[in-house]
Amino acid sequence: MNGRNPMDRQRRIRALDERREQLEKDTHRRRIHLRRRLAAASLLFLFVMVLIGQSYFSKVGYVSDQQQAYAQAKVELREQQDEQDELKEQAERLQDEDYIANLARNELLFSKDGEIIFYFSPEE
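On a predicted model such as this, the values are computed, not experimentally measured, just so you know.

A. Quick look at the UniProt feature "transmembrane region" (unreviewed entry) in the chain. Sites flagged by UniProt as "transmembrane region" (unreviewed entry) map to residues 38-57. Along residues 38-57, the helical share is 100% and the strand share 0%, with 28 Å between the first and last C-alpha atoms.

B. Molecular detail of the pattern of salt bridges. Enumeration according to the criterion identifies five salt bridges in this entry. In this structure, the salt-bridge partner of Asp26 is Arg29, at a minimum N-O distance of 3.1 Å. Note that Asp26 and Arg29 are positioned in helix H1 (residues 6-93) at a spacing of three residues, about one turn of the helix. For Arg29, a relative accessible area of 49% puts it in the partly exposed group. Where Asp82 meets Arg78, a salt bridge forms, and the shortest distance between an N and an O atom there is 3.2 Å. Of this pair, Asp82 and Arg78 both sit in helix H1, four residues apart, roughly one helical turn. Under the relative-accessibility criterion, Asp82 is labelled partly exposed at 33%.

C. Fine view of the packing of aromatic side chains. The tally for this structure, following the rule as stated, stands at one aromatic pair. For the pair Tyr56 and Phe57, a centre-to-centre distance of 5.2 Å together with 75° between the ring planes defines the contact as edge-to-face. On the basis of relative accessible area, Tyr56 is assigned to the exposed category, the value being 52%. The exposure class of Phe57 is exposed, given its relative accessible area of 59%.

D. Up close: the UniProt feature "coiled-coil region" (unreviewed entry) in the chain. Feature annotation in UniProt assigns "coiled-coil region" (unreviewed entry) to the following positions: residues 63-97. Taken end to end, residues 63-97 has its terminal C-alpha atoms 53 Å apart, with 91% of it in helix and 0% in strand.

E. Looking closely at a negative patch on the surface. On the surface, a cluster of negative charge is contributed by Glu83, Asp85, Glu86, Glu89 and Glu92. Along the chain, the position of Glu92 falls in helix H1.

F. Molecular detail of a nonpolar patch on the surface. A cluster of nonpolar side chains, namely Leu44, Phe45, Phe47, Val48, Met49, Leu51 and Ile52, defines an oily patch on the protein surface of about 690 Å² accessible area. Here Met49 lies in helix H1.

G. Summary view of helix H2 (residues 97-108). An ideal rise of 1.5 Å per residue puts 16 Å on twelve residues; H2 measures up with 15 Å between its terminal C-alpha atoms. Leu109 sits one or two residues past H2 and shows a positive phi near 60°.

Cut-offs and rules
- Residues numbered from 1 in each chain as written.
- Predicted model: local features only at pLDDT ≥ 70, side-chain atom pairs only at ≥ 80, totals over all residues.
- Heavy atoms only, no water.
- UniProt positions renumbered as here; feature names shortened; annotations may be inferred.
- Helix = DSSP H or I, 4+ residues; strand = E, 2+ residues; numbered from the N terminus.
- Salt bridge = Lys/Arg side-chain N within 4 Å of Asp/Glu carboxyl O.
- Buried < 20%, exposed > 50% of the residue type's maximum accessible area, 1.4 Å probe, protein only.
- Phe/Tyr/Trp six-rings, centres within 6.5 Å; stacked < 30°, edge-to-face > 60°.
- Patch = residues over 30% accessible without salt bridge, like charges linked within 9 Å, V, L, I, M, F, W, Y side chains within 5 Å.
- Areas by Shrake-Rupley, 256 points an atom, 1.4 Å probe, with all protein chains shown as cover.
- Lys, Arg positive; Asp, Glu negative; His and termini not counted.
- Charge placed at Lys NZ, Arg CZ, Asp CG, Glu CD.
- Expected span 1.5 Å × (residues − 1).

And the structure:
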């Protein structure tokens, strides 16, 4: 047996078996630790994605609201500009004496000297 004792062989085999079991336990612990880290990283990633998604959709809603408000403001501005144009035209017409005389005759029933105005009510 080349000077080796069978007891030494069994001890070495037992030591190698114990070492193999210890390595398997260490490998198993590492795998469990790796799975836990992977699960924690996945949860963290999912949480961050939910926050980003929530922020994105809230911003999309805000932009949509602002676009509607902008469109409404443009319509109101156009209406105000049209009204302003009408008022400017009316102010220019009020500078004309013929227009004022015609307006006084039609609206206030004034007449020129020697002119007779006949008024018919809309009811007739």
